Amino acid sequence: MIKLVGLTGGIGSGKSTVAGMMREQGLPVIDADLIAREVVEPGTPAHADIARAWPEVIESNGHIDRKKLAAIVFADKESKARLEAITHPRIREQVAVRAAALEAAGHPMAVLEAALLVETGFYKQLDGLVVVSASEEAQVERVLARDACSRESVLARIRAQHPLADKVRVADHVVDNGGHLEDTRRRVLAVVHAVTH
């Protein structure tokens, strides 16, 4: 059975940066955020379910207006739960398919990069959890540099997520990504060594 280690963090903590460094070390990475986009493409069962639940988020070309959908689900717990019920089982199914393909290709281990591993409790089914941490200020600055949005909306998104401190508490390994990239790289190398030996 392939060993699957989770990689998560808060928004803007640098999860993708760390995933890239792990890839450089030869570890295959399954990107759950990418899978989450694929499972709701037009023509998929999840897309049909979303179109039925929130017809107003479907654009004229058939694609989902992700910002409009996010605004609805972040403002309403029931909508959020409904969306998760539509997407999460399908995402997990695809993660399992990709893990099996990597195992068949001879990989003894893979990294599952996902935002909601702790929130969903899915990390308990994995062979370890790596959490990327950074100060709230560093998170805000990174998201502002990456997305066209206001400081207030970034803070709202950070506070809508599980507190980073709670994720750190259940982690097997923590990568502090609050400083220079070279420091982060050194920490990633140490974590890769720990999880592969």
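Small disclaimer: the values here were computed from a predicted structure and weren't measured.

Thoughts on the environment of Ile-72
Piece 1. Within the secondary structure layout, Ile-72 lies in helix α4 (residues 66–75).
Piece 2. Overall, the relative accessible area of 21% leaves Ile-72 in the partly exposed class.
Piece 3. With residues up to four places along the chain from it excluded, the contact list for Ile-72 reads Trp-54, Glu-56, Val-57 and Ser-79.

Looking at the packing of aromatic side chains
Piece 1. Across all of its chains, the model carries zero aromatic pairs by this definition.
Piece 2. Between the NZ or CZ atom of Arg-82 and the centre of the ring of Trp-54, over which it lies, the distance is 5.6 Å.

A short note on the sheet that holds strand β2 (residues 29–31)
Piece 1. Across the sheet, five strands lie side by side as β2-β3-β1-β4-β5; this open sheet has parallel pairing. Bordering the open sheet on either side are β2 and β5 (173–176), each of which pairs with just one other strand. Strand-to-strand, the axes of this sheet are offset by a mean angle of 25°, without reference to chain direction.
Piece 2. Pairing geometry for strand β4 (residues 129–133) and β5, over four bridges, is parallel. Note on β5: the bridge partner recorded for Ser-133 is Asp-176.
Piece 3. Where helix α1 (residues 15–24) meets the sheet, its contacts fall on β1 (3–9), β2, β3 (109–113), β4 and β5, and the angle it forms with β1 comes to roughly 150°.
Piece 4. Each of β1, β3, β4 and β5 is contacted by helix α9 (residues 181–196), which is oriented at about 165° to β5, the strand it contacts most.

Analysis parameters
- Residues numbered from 1 in each chain as written.
- Predicted model: local features only at pLDDT ≥ 70, side-chain atom pairs only at ≥ 80, totals over all residues.
- Heavy atoms only, no water.
- Helix = DSSP H or I, 4+ residues; strand = E, 2+ residues; numbered from the N terminus.
- Buried < 20%, exposed > 50% of the residue type's maximum accessible area, 1.4 Å probe, protein only.
- Contact = heavy atoms within 4.5 Å.
- Phe/Tyr/Trp six-rings, centres within 6.5 Å; stacked < 30°, edge-to-face > 60°.
- Lys NZ or Arg CZ within 6 Å of the ring centre and 35° of its normal.
- Pairing = 2+ DSSP bridges.
- Axes fitted to C-alpha atoms, helices over the stretch in contact; angles between N-to-C directions.

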